[in-house]
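Geometric and topological summary
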Amino acid sequence: MKVFVMIPAYNEEFTIARVIKEIKQASRDYRILVVDDGSKDNTFEVAKKAGAHYVIKNKKNLGLAQAFKRGLEECLKLKADIIVNIDADFQYNALEIPRLIQPILDEKADIVLTDRKVLNLSHMPFGKKYGNLISTLVTRFVSGFPVRDAQSGFRAFSRDAALKLNIFSDYTYVQETIIQAVDKKLKILQMPCEFRARHGKSRLISNLFSYAKKAGLTIIRSFVRYKPLKALLTISFLPLILGILLGLRFLYFFLMGDKGHVQSLILAAILLIIGFQIIVLAFIADTIGANRKVNEELLYLQKKKEFSK
Ligand SMILES: Nc1nc2c(ncn2[C@@H]2O[C@H](COP(=O)(O)OP(=O)(O)O)[C@@H](O)[C@H]2O)c(=O)[nH]1
Ligand SMILES: [Mg+2]
């Protein structure tokens with residue numbers, strides 16, 4: 001079994017060597033791949049010197065999700081059987097990797113996620129803690145999977161799961177991969193993990209509002225992409241219910257002999273038309289979704305062949 005540990009990194013010269021050292025401590029057999037995403041510091045050189053087996057560099061900063069995608073593809077090309085993703089900032093404990101990959105080795109899971117138990121972390125600021133919680137709850141609603149920590153980057157994937165996942169976002173892959181994995185009926189397990197305090201500022205989150213905006217948009221797009229029927233039918237509820245209530249109100253007055261309230265009748269009609277149109281859109285989107293499924297299956301077969309052993 002070839003285990004690859006990949007590390008997406010952006011300006012992490014101060015911590016990447018420690019992460020690599022810890023991975024080697026966990027096992028000398030793990031292959032280490034660093035994706036330096038156009039760092040402006042010496043991440044690339046430091047990673048090489050620390051003994052990473054493969055260090056690839058994007059000329060330009062393409063964003064974490066694209067670096068993650070490239071990392072997965074490189075590991076697949078290098079014939080990985082299991083791919084572990086760990087961050088470059090030494091927040092996760094690499095000594096936990098053997099425990100993380102065990103369910104995949106035992107063929108009990110396709111993906112293993114970790115739970116940092118953010119609410120119990122004294123070193124995580126209040127805003128980030130609750131931002132994490134909200135994002136996890138939204139991902140839970142969208143995916144229908146009881147995820148406990150949707151933002152944890154410490155994860156393990158079987159080769160087959162890595163072949164099946166397609167990343168579209170530029171910014172963050174964490175929620176998108178969960179929503180997709182559920183859609184693809186992959187077996188997901190979760191386990192608690194250690195999460196240390198960060199040295200230096202977050203490279204991903206400059207401020208919580210911009211994170212909420214970007215991650216929120218990614219989640220909504222994944223929702224509409226993977227669950228078009230559920231997403232659009234949910235949206236259609238609002239105009240439909242308002243339209244029905246207004247219509248009933250008009251009917252009540254009408255039956256009581258009051259011939260007024262024409263404005264609410266017009267508004268009710270508009271709301272009902274909007275609601276029904278969204279339902280029609282939902283079915284069109286669902287049909288397009290069926291096409292996406294066929295395309296993704298073809299892509300999976302193609303990748304499997306291309307990256308085959
Ligand atoms: N490849 C790549 N990695 C990034 C980028 N931004 C952040 N990272 C890495 O993603 C991981 C998580 O980022 P981090 O700043 O720790 O986010 P936080 O822990 O959620 O605050 C770290 O390993 C970062 O080096 C980026 O633009 N590209
Ligand atoms: Mg971090």
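From a predicted model like this one, the values you see are computed outputs, not experimental measurements.

Let us look at the coordination of the magnesium ion (ligand 2). Looking at the metal site, the magnesium ion (ligand 2) is ligated by D89 (OD) and Q91 (OE1), spaced 2.0 Å from it. Judged by its relative accessible area of 4%, D89 is buried.

The next point concerns the sheet that holds strand β7 (residues 188-192). One open sheet holds the seven strands; their spatial order is β3-β2-β1-β4-β6-β5-β7, and the pairing between them is mixed. Lying at the two open borders of the sheet, with one neighbouring strand each, are β3 (54-58) and β7. On average, each strand axis in the sheet is tilted by 20 degrees relative to the strand beside it, whichever way the strands run. Relative to β3, strand β2 (residues 31-37) is paired through five bridges, and the arrangement is parallel. When the bridges of β3 are listed, V34 appears paired with V55. Each of β1 (3-9) and β2 touches helix α1 (residues 16-26); the most contacted strand, β1, lies at about 170 degrees to it. Strands β5 (111-115), β6 (155-158) and β7 of the sheet are contacted by helix α7 (residues 174-183), whose axis makes an angle of about 40 degrees with β6.

Entries for the protein in the domain assignment read domain 1 (3-226) and domain 2 (228-306). Using C-alpha coordinates to define each centre, domain 1 is positioned 36 Å away from domain 2. Contacts between the two partners involve 16 residues from domain 1, matched on the other side by 10 residues from domain 2. Across the domain 1/domain 2 interface, buried area totals approximately 1200 Å², and carbon plus sulfur atoms make up 55% of it. Where domain 1 meets domain 2, there are two salt bridges. The partner of R292 in a salt bridge is D183, and the shortest N-O contact between them spans 3.6 Å. Joining domain 1 to domain 2, the criterion identifies eight residue pairs in polar contact (both at pLDDT 80 or more). Elements represented by at least two residues in the side of domain 1 that touches domain 2 include exactly α5 (126-143), α6 (159-164), α7 and α8 (208-226).

Another aspect to go through is helix α3 (residues 64-77). A turn of α-helix holds 3.6 residues, and therefore any two residues three or four places apart point the same way. With 14 residues, α3 should reach 20 Å at 1.5 Å per residue; the first-to-last C-alpha distance of 20 Å fits that figure. Among all positions of α3, only A65, Q66, A67, F68, G71, L72, E74, C75 and L76 are buried. Trailing α3 by a residue or two, K79 shows a phi angle of about 70 degrees, which is positive.

Rules and cut-offs
Residues numbered from 1 in each chain as written. Chains lettered and ligands numbered in written order. Predicted model: local features only at pLDDT ≥ 70, side-chain atom pairs only at ≥ 80, totals over all residues. Heavy atoms only, no water. Donors = N, O, S within 2.8 Å, 3.2 Å for Na, K, Ca; no water. Buried < 20%, exposed > 50% of the residue type's maximum accessible area, 1.4 Å probe, protein only. Pairing = 2+ DSSP bridges. Helix = DSSP H or I, 4+ residues; strand = E, 2+ residues; numbered from the N terminus. Axes fitted to C-alpha atoms, helices over the stretch in contact; angles between N-to-C directions. Contact = heavy atoms within 4.5 Å. Domains from an automatic or database assignment. Buried area = accessible area lost by both parts, 1.4 Å probe. Salt bridge = Lys/Arg side-chain N within 4 Å of Asp/Glu carboxyl O. Polar contact = N/O pair within 3.5 Å; in protein donor to acceptor, adjacent residues only side chain to side chain. Expected span 1.5 Å × (residues − 1).

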